[in-house]
Amino acid sequence: MKEVRVRFAPSPTGPLHIGGVRTALYNYLFAKKNGGKMILRIEDTDQTRFVPGAEEYIVKSLDWCGIKFDESDIVGGEYGPYRQSDRKPLYKQYSDQLIANGFAYYAFDTAEELDKYRAEAESQKKTFIYNAESRKTLRNSLTIAAEEVEKMIAEGVPYTVRFKMPENYEVRMHDIIRGDIKVNTNTLDDKVLFKSDGMPTYHLANIVDDHLMKISHVIRGEEWLPSMPLHVLLYQAFGWEAPEFAHLPLLLKPDGNGKLSKRDGDRLGFPVFPLRWVDPKSGEVSSGYRESGYYSEAFINMLALLGWNPGTEQEIFSMEELIEAFSFEHCNKSGARFNVDKTKWFNHEYLLKKSSEEVGEEYLQWLETEKGIKADRDYVVKVAGLVKDRVNFVKELWDQSFFFFEAPTTYDEVTVKKRWKENSPELMRMAKELINSIDDFSAENIEKVLNEWITSNELGMGPVMNGLRLMLVGAGKGPHIHEILELLGKEEALKRIDKGLEVLA
Ligand code: GLU
């Protein structure tokens, strides 16, 4: 295989959707697997769709994901500039070359004229397309005399350069994921390649840059498959060797009905963007995976498996393992359904893999910023170790452990109704005395002493434990009682029992 050089080529027209992140990821995995280079090229030739902040957002998002570039506007490289607006002077010669060789032509039809043709066609239930048939009757350099064309251009009459799609020609192509594809050019239109404002369109700039940047493999979303025949024909027209193509399957909505769009996310209850995005015009906020508490490793792991499978049962992959395992052979042709629960499950697995120290540190931070609680580090680490297997996110730890940080002031009504019996006050008074008498306050010893006491006095495990839980937690949840007792410490535990008795008895 020749040197692998792949590119991720986003247009900064808004935040990067998770489908875009997956495209970047597969490019990255393929490049790294094959000892190749990964390039970031910003495709911003359509200035009408420019969104401030979008490029920075894309860069930050990919950085958060751990997708690194060997060449980009930021890290530099031999084939720059890597932003198409900075390459503007370069494209016209290629447009000229296509015209000179008969592969393209000038079109002078105004936007109003084209609108009129569209409306006329529509009224006859047809669609207007600029193609081999219609171009014969429209205002272009194929129908207007050469001197007149020259004069119009010299006078500054606005024009576009269109690709002269060959008539009734079968374009034969190969896609790494989809295999051989044939398309007849009669189904295609004469796409605009260049505009008189000096800007190329996506199609021209994309091909010219892929060629100049020596891109070996074009890996992109399925939505670009319809552009592939034009791109292949452009390579032929220039006499350049085309790169290999791989069109990735779409990401589908959870119900499988249609493509997961930018608008779906918060509407369906999960983010579709890696980072939070605030629309610069409307101020509308879209949630991000990072801000929702996802680990980037879990997010990447989940995305990698949407459209690719390792061919084994393994589900948890580090980036290194993904690079090692990745190949197009195991990429699917059909769309991959997004699954919210599975996404949370991945985060749970990554949280579980972390040590209590790591999770504790994160929780410590969270407690301070979200609750204004400055807790002891070692204490928080112990709390995290005790409950981390019950949550998917650090922010969910609170619901499982709030009672380690604040004593109950109220007692869950439903639990009281169900668990607080006539003999409960008496049981709790006795339990309090027993607890007071325990010197070795380790969970293990507490458990032993409590169990012996309960069994020898035939008190029943349920009534004692449920009562204690209500006193210590204020509700019917939490880890084992002896674990709670150890962490709270004797003094605090006794205080809580006193308080509980005062309120409930
Ligand atoms: N600029 C295109 C996009 O926004 C790139 C498509 C391609 O990879 O060719 O997705």
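Here the structure is a predicted model, which is why all the values come from computation and not from measurement.

**Q** Outline the environment of Ile 219, supporting the account with residue identities and numerical values.
**A** You can see Ile 219 is positioned in strand 8 (residues 217-221). Separated by 109 residues in the primary sequence, Ile 219 and Thr 110 have C-alpha atoms spaced 35 Å apart. Leave out the neighbours within four places in its chain, and Ile 219 touches Val 6, Thr 23, Tyr 26, Asn 27, Phe 30, Ala 246, Leu 248 and Phe 328.

**Q** Describe the pattern of salt bridges, and please don't skip the residues or the numbers.
**A** Under the counting rule described, the total for this entry stands at 31 salt bridges. As a salt-bridge pair, Arg 41 and Glu 43 come within 2.8 Å of each other at their nearest N and O atoms. For Arg 41, a relative accessible area of 0% translates into the label buried. For Glu 43, a relative accessible area of 6% translates into the label buried. One salt bridge in this structure joins Glu 55 and Arg 83, with 2.9 Å as the shortest N-O distance. In this pair, Glu 55 is assigned in helix 2 (residues 54-65) and Arg 83 in the loop between helix 2 and helix 3 (92-100), connecting sequence segments 28 residues apart.

**Q** I'd like to hear about the pairing of strand 8, residue by residue, with values.
**A** A regular strand carries its side chains on alternate faces of the sheet. Most of strand 8 is tucked away, with five of its five residues classed as buried. Summarising the sheet, strand 8 and strand 9 (residues 244-248) pair through five bridges and their orientation is parallel. Across the sheet, the residue bridging to His 217 is Glu 244, located in strand 9. Each parallel crossover has a hand, and the one from strand 8 via helix 7 (residues 228-238) to strand 9 is right-handed.

**Q** Describe the packing of aromatic side chains, listing the residues and the values that go with them.
**A** This model, assessed by the stated rule, comprises 30 aromatic pairs. A network of ring pairs unites the aromatic residues Tyr 363, Trp 366, Tyr 379, Trp 398, Phe 402, Phe 403, Phe 404 and Phe 405 as a single cluster. A cation over a ring is seen here: Lys 342 above Trp 345, with NZ or CZ 4.4 Å from the ring centre. Over the ring of Tyr 295 we find Lys 354; its NZ or CZ atom is 4.1 Å from the centre of that ring.

What counts, and at which threshold
Residues numbered from 1 in each chain as written. Predicted model: local features only at pLDDT ≥ 70, side-chain atom pairs only at ≥ 80, totals over all residues. Heavy atoms only, no water. Helix = DSSP H or I, 4+ residues; strand = E, 2+ residues; numbered from the N terminus. Contact = heavy atoms within 4.5 Å. Salt bridge = Lys/Arg side-chain N within 4 Å of Asp/Glu carboxyl O. Buried < 20%, exposed > 50% of the residue type's maximum accessible area, 1.4 Å probe, protein only. Pairing = 2+ DSSP bridges. Right-handed = clockwise from strand over helix to strand, strands pointing away. Phe/Tyr/Trp six-rings, centres within 6.5 Å; stacked < 30°, edge-to-face > 60°. Lys NZ or Arg CZ within 6 Å of the ring centre and 35° of its normal.

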